[in-house]
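If you want the building blocks of each chain, they are given just below.
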Amino acid sequence: MGNRVVREDYEWVYTDQPHADRRKEILAKYPEIKSLMGPDHRLKWIVCMMVAIQFLAFYLVKDLDWKWVLFWTYAFGSCINHSLTLAIHEISHNTAFGNNKAMWNRYFAMFANLPIGLPYSASFKRYHLDHHRYLGGDGVDVDIPTEFEGWFFCTRFRKLIWIILQPLFYAIRPLYINPKPISHLELFNTAIQVCFNVALYWLWGGKPVVYMLAGSMLGMGLHPISGHFIAEHYMFMKGHETYSYYGSLNLLTFNVGYHNEHHDFPSIPGRRLPMVKKIAAEYYDDLPNYSSWVKVLYDFIMDDSLSPYSRIKRTLKGDIKQE
């Protein structure tokens, strides 16, 4: 567990990301894919159901022994909360109410944020759209680990710790790589979330609050679903910066595993991404992909050629228009 990884820097490239060109080529050949764009009207009802389930769970855990609170936090709450973060990812692309009702999507994302406990939906949208527009962009794409992460988490044991602490690094990284002025929506998101957390503690005590916050941290750390953080863009094969996953956990994650398809067509809701793959199969079938996020986590930790440095990075040129 003490072996050091081979990489000492990112994989720097001088080409543009592949998704824009592939999107143009696919749309020229299969214009019917445009009909898949637009809101997913099921999404808002699914999110409401998930939020209601967590509200019920908050009530049910308030009288449990602590050992059972912790058990259900990892076994159930972490899955729902991680799934809600991916619902917020969907909503950030305006797939709940459509582009014409942008603010409805923003406020609905804050509603989906409530059971997570940490106010992040407003900030996530600002940075996530930059990730799509400037994938791998130095100083802009905050999905890429910092120099410190690449340098320090360089052994198998340290990579394990890094995965456990992923929520912490995702929260801190934007402040270091690409800090932005705090927006009014971020302040509103924080105020609503703090009021909710205080109300939850006042109504039912500390156990639901622990279930909520620990579930979010555990679900985005060492957890099968969190394999998507590594699977999406870490360079397991030289020259490939985006990878899709076609396993069963897509059912819990709004098809975020269809990640090549998502970056090619970010305005298409996750529910319809399998249709993109089916229509334009020749563009996706030969790309490297995964069938197990657990195996991705295991391979990332145990393979001494992989580390937080295993990301394609590029220097951006021209005008950079950020959210």
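Everything numeric in this text was worked out from a predicted model, so none of it was measured.

Q: Just give me the short version of the overall build of the chain, but keep the residues and values in it.
A: Tallying secondary structure elements over the chain gives 15 helices and 4 strands in all. Relative to the 2.2 N^0.38 estimate, which gives 20 Å for 323 residues, the radius of gyration of the chain is 20 Å and therefore close to what a compact globule would have. For the chain, the C-alpha atoms occupy an extent of roughly 55 × 50 × 40 Å along the three principal directions. Considering the chain as a whole, with its 323 residues, one finds that 53% of them fall into the buried category. With an accessible surface of roughly 15,400 Å², the chain has 65% of that area assigned to carbon and sulfur atoms.

Q: Can you break down empty space enclosed by the protein residue by residue, with the values?
A: Remark: the empty space left among the atoms is shown by a probe the size of a water molecule rolled over them. Applying the stated criterion across every chain, the model contains 2 cavities of 30 Å³ or more. The volume enclosed by the largest cavity comes to roughly 50 Å³. As for the largest cavity, its lining consists of Ile 88, Ile 91, Ser 92, Asn 105, Arg 106, Ala 109, Ser 121, Ala 122 and Lys 125. Looking at the lining of the largest cavity, the elements that each hand over two or more residues are helix H3 (66-92), helix H4 (102-113) and helix H5 (121-133). Tallied by class, the residues present in the lining of the largest cavity amount to 4 nonpolar, 3 polar and 2 charged. Computed from the structure, the second largest cavity encloses a volume of approximately 40 Å³. Along the walls of the second largest cavity sit Leu 135, Gly 136, Asp 141, His 233, Glu 241, Arg 311 and Ile 312, which together make up its complete lining.

Q: Kindly report on the side chain of Asn 94, identifying the contributing residues and their values.
A: Relative to the elements of secondary structure, Asn 94 occurs in the loop between H3 and H4. Within polar-contact distance, the side chain of Asn 94 engages the side chain of Asn 99 at 3.0 Å. Beyond its immediate sequence surroundings of up to four residues, Asn 94 is in contact with Asn 99, Ala 102, Asn 105 and Lys 125.

Q: Go over the layout of surface pockets, please, and point to the residues and values.
A: Counted as a void, the largest pocket has a volume near 1,100 Å³. The set of elements that each furnish at least two residues to the lining of the largest pocket consists of H3, H5, helix H8 (166-177), helix H9 (184-204) and helix H11 (227-233). Across the lining of the largest pocket, the residue classes break down as 22 nonpolar, 10 polar and 6 charged. Within this model, the second largest pocket holds a volume of roughly 600 Å³. Gln 17, His 132, Arg 133, Tyr 134 and Leu 135 are, among the 23 residues lining the second largest pocket, the residues nearest its centre. Per-element tally for the lining of the second largest pocket: the top contributor is helix H1 (residues 19-29), with 4 residues.

Q: Which residues make up the nonpolar core, and what values do they have?
A: Formed by 36 residues in total, the largest nonpolar core has its most connected members in Val 47, Leu 84, Ile 91, Trp 162, Ile 230 and Phe 300. Taken together, the elements giving at least two residues each to this core come down to helix H2 (43-61), H3, H4, helix H7 (156-164), H11 and helix H15 (293-302). Filtering out sequence-adjacent residues up to four positions away, Ile 91 remains in contact with Leu 43, Ala 96, Asn 105, Phe 108, Ala 109 and Ala 112. Counting residues in hydrophobic clusters, the runner-up holds 14 residues, among them Leu 36, Ile 268, Val 276 and Leu 287.

Q: Describe the environment of Ser 244, naming the residues involved and giving the relevant values.
A: Relative to the assigned elements, Ser 244 resides in strand E2 (residues 244-245). Its relative accessible area of 1% is what places Ser 244 among the buried residues. When the C-alpha positions of Ser 244 and Asn 260 are compared, they lie 5.6 Å apart, and in sequence the two are 16 residues distant. For Ser 244, the contacting residues outside a window of four places in its chain are Gly 257, Tyr 258, His 259, Asn 260, Glu 261, Pro 288, Asn 289 and Tyr 290. Of the polar contacts made by the side chain of Ser 244, one reaches the backbone nitrogen of His 259; its length is 3.1 Å.

Q: Residues and numbers for the packing of aromatic side chains, please.
A: Inspection of every chain in the model, using the stated rule, returns 28 aromatic pairs. Taking the centre distance of 5.7 Å and the plane angle of 75 degrees together, the rings of Tyr 234 and Phe 300 count as edge-to-face. Placement of the pair is Tyr 234 in the loop between H11 and E2 and Phe 300 in helix H15, with a sequence separation of 66 residues. Each member of the pair, Tyr 234 as well as Phe 300, carries the same accessibility label: buried.

Q: Talk me through unusual backbone geometry; I want residue IDs and the actual numbers.
A: Comment: phi is negative for the bulk of residues other than glycine, and the bulk of peptide bonds are trans. The backbone phi angle of Asn 94 is positive, close to 60 degrees, even though this residue is not glycine. For Asn 255, which is not a glycine, the phi torsion comes out positive at approximately 60 degrees. Overall, the relative accessible area of 14% leaves Asn 255 in the buried class.

Quick notes on the rules
Residues numbered from 1 in each chain as written. Predicted model: local features only at pLDDT ≥ 70, side-chain atom pairs only at ≥ 80, totals over all residues. Heavy atoms only, no water. Helix = DSSP H or I, 4+ residues; strand = E, 2+ residues; numbered from the N terminus. Rg over C-alpha atoms; globule rule 2.2 N^0.38 Å. Buried < 20%, exposed > 50% of the residue type's maximum accessible area, 1.4 Å probe, protein only. Areas by Shrake-Rupley, 256 points an atom, 1.4 Å probe, with all protein chains shown as cover. 1 Å grid on protein atoms, 1.4 Å probe; cavity = no way out; pocket = protein on both sides within 12 Å on 5 of 7 lines; lining within 4 Å. Points joined across faces, edges and corners; volume = space filled by probe spheres on them. Nonpolar A, V, L, I, M, F, W, Y, C, P; charged D, E, K, R; others polar. Polar contact = N/O pair within 3.5 Å; in protein donor to acceptor, adjacent residues only side chain to side chain. Contact = heavy atoms within 4.5 Å. Core = buried A, V, L, I, M, F, W, Y, C linked by side-chain atoms within 4.5 Å. Phe/Tyr/Trp six-rings, centres within 6.5 Å; stacked < 30°, edge-to-face > 60°.

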